[in-house]
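Coordinate analysis (summary)
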Amino acid sequence: MKRFGLSKNERIKKKKEISRVFNTGKRIYTNSRKLKAIFCFGEDDSGIIKIVPAVHKKAGNAVWRNRMKRLLRESYRLNKEILIDVIEEKTLLLMISPNSINKKKQPKLLLSDVQDEVIELLNKIKNQILTERDKTGS
RNA sequence: GUCACAAGUUGGGCAGUUGCUACUCCUAAGUUCGCUUUUAGAGUAGAGGAAAGUCCGAACUCCAAAGAACAGAGUGCCGGGUAACCCCCGGGGGUUAUAGGUGUAAACCUAUAAUUACGGAAAGUGCAACAGAAAAUAUACUUUCUCGCCACGGCGGGAUAAAGGUGAAAUGGCAGGGUAAGAGCCUACCGCUUUGUUAGUAAUAACAGAGGUCCGUUUAGGAGUCCCGAUUUAUCGGGAUCAGUGUAAACCCCACUUGGAGCAAGGUCAUGUAAAGGACUCUUUGUAUAGUUAUAUACAAAGCAAAGUUGUUCGCUUUGAUGGUUCUGGGUAGAUCGCUUGAUUCUGAUAGUAAUAUCAGAACUAGAUAAAUAAUUGCCAUCCCGCUUGCGGGAUACAAAAUUCGGCUUACAGACUUGUAACAUCA
RNA sequence: CGGAACGUGGCGCAGUCCGGUAGCGUACACGACUGGGGGUCGUGUGGUCGCGGGUUCAAAUCCCGCCGUUCCGA
């Protein structure tokens, strides 16, 4: 796995996995409530993190939604080493999507704004996974 | 030169780093030696003029074949273009505005510009609020004129449809003659209807001719005049003889077009539309064979039933017992082709007023599928703000492929080109 | 990608087919009944009929184009 890469294997492609994340995943919000994340562990163990960005249709037009998705993917790509050590041999399914943010509130999107929010999300997920592991271990 | 409008073109540029998708090459691992999967790497390519809205038209695919009639839907001046069109180009008519001319005026003519869903209202039906006497068969409120009567102001009979008022709209307009008063009652001009000639492929235009008559309860009908046709050449038949208001984006009539569904079409491979259980599932006639008969089997014909033909009917097709239809039951996984070389793009020439067509040369330009085309840095370009006047900061539209084309509609910062109008300056 | 419906006072809906007065319930304001509240009765306010064009004498209604909302189809 490349350090800053994001190949096909590292993305959620199947409908089954999407519905698994939606139904059984845990939801985490940023402090500003701009973004939210849903995550859960997959069935098989491969040591890979799979992500998918999801933008609601009401958030904006096609150009805005496309840019939002690309910025989310880019932010994750640059900061994914936060979670690599944590997952060990399991498969982590992760969905990132904007919550309260939309085109009317913020017509122009910048990478710096989105990246800070994503880093905050990833750290929260890391902490939660670590605490759960301690509980099960003890 | 500034600004406005219209039409057309364009839709920021160059370089570096990281990442994504497709293809080609290549590296290593695996292999049933067909290849497949994966890893590292190199090269090339990677959103639009509207990709949008999904409003029309096609290509392509399936419905056995794509048949008929009706219904429904659509189109609607004429000609051309096109694979096709509710599209485009050209022409004609109408409407509106401006300018000029004629005229007392109404109005007409000419030019320019804009606009136009523009077949039929004389096949029939419906509707026309309020106001007004009367709203589609016309009618007669106030007037106007006249005759008769008397208490001299009205009453009654008659003529008329010009004027008044209402309305969106009042049964051609205007002027003169005429009259008791009036009226196409008569005349000129305009309009309208119709016939012919000329021009034009045609819509249509120009010119020429005819048409407003009389009797009748102003109904039916008859006479006269004009036109067309036929012949026995003076008769017969047909038509016209001045509007019968508007509305067909009301029903409708006429002409033309139209089968339905759509790449989630559809093909191939894989797989659980499975396994299991329940229900329903022909009749008659003829012939042949077996049989004592009842009947059974096979074949043929006719009918019947079910399903399909995506509104109905006809017609057609399939099926009617190792099969079919339907219900219960039970749930998985998708891959690949279609998929980009095409009514293609660019350049030039020729034909045409133009849309467009033909010919020649060159080019290959996304093909994703929870869905790639991104992030960032530097320099430049354009605009805005600030002041240190050449620096700093900010901004650069509308909007992103999803089978593919041709149009339409809508959104759009800036730049460039051409044309028109106004203003300023110079000659 | 394909198909369908809706938009009318603050809210929920009629009226649109077949053109001419915009109406109903609720809410709001005022008054009456009551010692007061609730309730009932009466009166009143409040609508660019989603937006823009067209047809017509006249458009919420007919036609065309946009905008928004909702639903359906593997």
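Notes on the structure in this doc start here.

Some remarks on unusual backbone geometry
Look at Arg 33: it is not a glycine, yet its phi comes out positive at around 65°. Locating Arg 33 in the fold gives a position in the loop between strand 1 (26-29) and strand 2 (35-41). With relative accessibility at 48%, the residue Arg 33 sits in the partly exposed group.

With respect to the protein's contact with RNA strand B
RNA strand B sits among 24 residues. The nearest are Ile 12, Asn 66, Arg 67, Arg 70 and Lys 108. Of what RNA strand B places within 4 Å of the protein, 68% of the atoms are sugar or phosphate. For RNA strand B, a base nitrogen lies 2.6 Å from a polar atom in the side chain of Arg 70. Within the side chain of Arg 77, one N or O atom sits 3.1 Å away from a sugar or linking oxygen of RNA strand B. For the surface near RNA strand B, the elements supplying multiple residues, two or more each, are helix 1 (15-24) and helix 2 (62-79). Of all the elements, helix 2 adds the most residues to the surface near RNA strand B, at nine residues.

Details of the sheet that holds strand 1
Strand order in this open sheet of four strands is 1-2-4-3, and the pairing throughout is mixed. Two strands bound the open sheet, and with one partner strand each, they are strand 1 and strand 3 (49-53). When strand polarity is set aside, the average angle formed by the axes of neighbouring strands in this sheet is 20°. Of the strand pairs in this sheet, strand 1 and strand 2 are connected by four bridges, and their pairing is antiparallel. Its bridge partner lying in strand 2, Lys 26 is registered against Phe 39.

What to know about helix 2
With 18 residues, helix 2 extends 26 Å between its outermost C-alpha atoms, agreeing within 8% with the 26 Å of an ideal straight helix rising 1.5 Å per residue. What helix 2 keeps buried is the set Trp 64, Met 68, Leu 71, Leu 72, Ser 75, Tyr 76 and Asn 79. Looking straight down helix 2, one finds that the buried residues subtend no more than 130° of arc, so they occupy a single side. Of the residues in helix 2, the exposed ones pointing more than 90 degrees away from the buried face are Val 63 and Arg 70.

Topic: the side chain of Gln 115
Turning to its location among the elements, Gln 115 is positioned in helix 4 (residues 111-137). For Gln 115, a relative accessible area of 17% puts it in the buried group. For Gln 115, the contacting residues outside a window of four places in its chain are Ser 75, Leu 78 and Asn 79.

Thoughts on the pattern of salt bridges
Per the counting criterion, the structure on display carries two salt bridges. Between Glu 132 and Lys 26 there is a salt bridge, and its shortest N-O distance comes to 1.9 Å. Residue Glu 132 is found in helix 4, and its partner Lys 26 is found in strand 1; the two are separated by 106 residues along the sequence. Overall, the relative accessible area of 35% leaves Lys 26 in the partly exposed class. The residue Glu 74 makes a salt bridge to Arg 77 at a minimum N-O spacing of 2.7 Å. Residue Glu 74 and its partner Arg 77 are located together in helix 2, separated by three residues, close to a single helical turn. Of the residues examined, Arg 77 reaches a relative accessible area of 23% and is grouped as partly exposed.

Cut-off values and rules
- Residues numbered from 1 in each chain as written.
- Chains lettered and ligands numbered in written order.
- Predicted model: local features only at pLDDT ≥ 70, side-chain atom pairs only at ≥ 80, totals over all residues.
- Heavy atoms only, no water.
- Helix = DSSP H or I, 4+ residues; strand = E, 2+ residues; numbered from the N terminus.
- Buried < 20%, exposed > 50% of the residue type's maximum accessible area, 1.4 Å probe, protein only.
- Near = heavy atom within 4 Å.
- Polar contact = N/O pair within 3.5 Å; in protein donor to acceptor, adjacent residues only side chain to side chain.
- Pairing = 2+ DSSP bridges.
- Axes fitted to C-alpha atoms, helices over the stretch in contact; angles between N-to-C directions.
- Expected span 1.5 Å × (residues − 1).
- Arc of directions from axis to C-beta.
- Contact = heavy atoms within 4.5 Å.
- Salt bridge = Lys/Arg side-chain N within 4 Å of Asp/Glu carboxyl O.

Read these as spatial facts, not as claims about activity.
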